[in-house]
Amino acid sequence: MINGSVLIFTPLVLISGSALVSLILANRARKLANMISASTLTLSLGLLLYAFLKCLLYGAHFKAYYYVINAATGLMSVLLILLGLLATVYSFGYMEHELRYDLYSPLLLSFIVSMVYIVLATDMSLIYLTFELGTATGGVLITFSRRRSSLRAATRFLALNILAALLILTGMIIQYYHVRSLKVIAINMLPENVRLLTLLFYTLGFSIKAGLVPFGLLWLPPAHSEAPIPIHTLLSAALVQSAAFVLLRIYSTLIKVNMLLIGILITLGVLSLLIGVFEALIEAIWGSKYSKFHVSLVNICGIKRVWAFSTISEVGYIMIFLALYLSEPSHENAIVFLGGALVHMINHGLAKAQLLFDTGIAIKISHAEDMNYMGGVSKIYPLGNVTFLISCLSLGLVPGFAGYGTLRELCLNPDVPIYVRIAVAITATTTIASILISWYRTFLTKPKSKLADLSDISKAMLVPGPLLALLLMVIGVLCNYGLIDKSKFLERLIYDVTEGIKVCK
Amino acid sequence: MRGREYLWLAIVLMAASMLGGTFSMVLPDELRLPFMWFFIEVTTACLIFTMLYVSLISMMPKEVRLKDIFIGGASRPPYISREELYSTKIPYLGSFDERWELYRDRAVFKE
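Residues numbered from 1 in each chain as written. Chains lettered and ligands numbered in written order. Predicted model: local features only at pLDDT ≥ 70, side-chain atom pairs only at ≥ 80, totals over all residues. Heavy atoms only, no water.

**Overview of the overall build of chain B**
Selection rule: Only runs of H or I of at least four residues qualify as helices and only runs of E of at least two qualify as strands under DSSP, and these elements are numbered from the N terminus. Contacts are residue-level and defined by heavy atoms, with any inter-residue pair within 4.5 Å sufficient. For every accessible area listed, the method is Shrake-Rupley and the probe measures 1.4 Å; residues are considered covered only by the protein chains on display.
Within chain B, the regular secondary structure consists of four helices and zero strands. Tracing chain B from N to C terminus, the helices and strands come up as α-α-α-α. A fraction of 55% describes how many contacts in chain B between residues 6 or more apart in sequence connect residues 24 or more apart. Here chain B has roughly 7,600 Å² of accessible surface; of this, 69% comes from carbon and sulfur atoms.

Laid out in structure tokens, this is it:
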């Protein structure tokens, strides 16, 4: 039996150590540095997976200081470190010509560490610190596209995230002033009015970090789309989700929630769903001239911007799940809505990362990020058609795929308010439309330049996309089979995971 | 870079939070300290931002070729344009990648 401290802190020590090694070796012996980063991340993934399975199968949980691994935090940390590992492997190829790889690699590893430890922390001060580490490293990593616009996007990312940090810090000060504790669970001990004020600060702060409308529109599309593909993947599929997960945990530990807060959450959720997805569609058809929120002086039809807008709408789903649970926090609702939110996070994390990995290959093949100059990728990379379609259907909540659970609980569930059901149906349809249009413009239209050959693309870039598509298929089959068959195992899994979100003492 | 708006935003925010901090003195005891802390944080962040904004530009000005100045501006503009004044090179990365400035590889897409 491995000790809790060992399980929790070994990944931190391993990845931090490999970040130091990369700083020294990355430019001198890049292959060796890459090998060390990949192996430490794989080892950390193995350890966290072991801890997660122990929690799931034997009901164990591991504690060390203010960190906890249980079914919920274990699942999230496994997802985040898996995405981190794949993004790192992808970077070996995507960033192979980067001159400051000695800076890029340690920053990337620190960014991954920050996200994993956000979800494991049960104390607001640790959550705050790890978020700040994520903001600082993420801000620098965005500029690695080396465009003027990427510098502007990084400035905007830092400005908005510092504002979010200030709001969270204010909430922490109020909480500590009243209860002398910064534990997430201690929010319950606050007097009624002060609790409302504290939660308002936390909600606003984490909504900015999670990219919800209206704040998300200001920083998320520029920052995500200007970053190099591996960083965009981590920002979209991991950082935004970890912010949403923290909100989920703060609220699910509460005994009583004010109706005003539930109203704010559901409004933010529905607005994010609709605005995000329509902006994605506008970007896919007409480009940044009409979708706005672009930092460059040149108008483009950016494929990465489509995914960035789509991320805003996907976070909306999570907020709606949370608000619906809070409106009647019964045991059944916890399983349906909190479990649904976590399944949606996994679906979105994997599908968005998959789309982005394929997009990176398409960019390298067609020598452009602007869809007006892309095309013909299908001839060079035909496998991309299949993997793109799998992610499209998963994000579009189509039955048979990993996203079906979200459709079932939010759209086909008669207990959900009708306006939410309509918004979800519109969002799912529009998501499919925007992805298919982007796919058509990138893969099927005539090439606008001499395309690069697949042999020019690094092998490290060709592995993560198909691997994630395969994983999505497996999860889709398992979820759909479990939902139809009312599998006891799936029910227990979701029950353990939802209990894990709530128990953070 | 159109960065001047950030500077103005920081200055306005700093003034507003100083004003807010002053008025928070009249709040009841249990709210006074948290609000004052908040305004102190905002003011400090704005101050640091403003200082960095000014110091970065003064430490890393855009290099101007002397030859251009002697021609008296007849060739290329020797002065630092508004865009250049409010932007710096990426200090830790060096130069921008001009090839991808238009979101496509200029070496492949010749205008």
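**Observations regarding the packing of aromatic side chains**
All names here are of chain A. This is how it is decided: Two rings from Phe, Tyr or Trp (for Trp, the six-membered ring) form a pair when their centres are within 6.5 Å of each other. A pair whose planes differ by under 30 degrees is stacked, one over 60 is edge-to-face, and the rest are tilted. Residue burial is assigned from relative accessible area. The probe radius is 1.4 Å, only protein chains are included, and a residue is buried under 20% of its type maximum, exposed over 50%, and partly exposed in between.
The full count for this structure, using the stated rule, is 15 aromatic pairs over all chains. Centre to centre, the rings of phenylalanine 9 and tyrosine 67 are 5.7 Å apart; their planes meet at 90°, and the pair counts as edge-to-face. Of this pair, phenylalanine 9 sits in helix H1 (residues 4-25) while tyrosine 67 is found in strand E2 (residues 67-69), placing the two residues 58 residues apart along the sequence. An angle of 55° between the planes, with centres 5.1 Å apart, marks the rings of phenylalanine 388 and phenylalanine 443 as tilted. One end of the pair, phenylalanine 388, is in helix H15 (residues 383-395); the other, phenylalanine 443, is in helix H17 (residues 418-444), and 55 residues separate them in sequence. Since its relative accessible area comes to 1%, phenylalanine 388 is described here as buried. Residue classification places phenylalanine 443 among the buried residues on the basis of a relative accessible area of 2%. Put simply, the rings of Phe9, Tyr65, Tyr67 and Tyr117 touch in pairs and so form one group of aromatic residues.

**What about the nonpolar core?**
Heads up, the condition is: Residues enter a nonpolar core if they are buried and are Ala, Val, Leu, Ile, Met, Phe, Trp, Tyr or Cys, with the set joined through side-chain atoms within 4.5 Å.
Membership of the largest hydrophobic core comes to 193 residues, with the highest contact counts inside it found for Met124(A), Phe206(A), Leu234(A), Phe245(A), Leu248(A), Ile250(A) and Tyr251(A). Every residue in contact with Ile250(A), bar those within four places of it in the chain, is listed here: Met124(A), Val184(A), Ile187(A), Leu199(A), Tyr202(A) and Phe206(A).

**Structural notes on the pattern of salt bridges**
Residue and element names in this part refer to chain A. Keep this limit in mind: The term salt bridge refers to a pairing of a side-chain nitrogen on Lys or Arg with a carboxyl oxygen on Asp or Glu at a separation within 4 Å.
Scanning the entire structure with this criterion turns up twelve salt bridges over all chains. In this structure, the salt-bridge partner of glutamate 369 is arginine 147, at a minimum N-O distance of 3.3 Å. Residue glutamate 369 is found in the loop between helix H13 (331-366) and helix H14 (377-380), and its partner arginine 147 is found in the loop between helix H5 (124-142) and helix H6 (148-179); the two are separated by 222 residues along the sequence. On the accessibility criterion, glutamate 369 (7% relative accessible area) is buried. By relative accessible area, which is 1% here, arginine 147 ends up buried. Two residues, glutamate 409 and arginine 408, come together in a salt bridge whose shortest N-O distance is 2.9 Å. Judged by its relative accessible area of 13%, glutamate 409 falls in the buried class. Each of Arg147, Glu226, Lys304 and Glu369 takes part in salt bridges that share partners, so that together they form one network.

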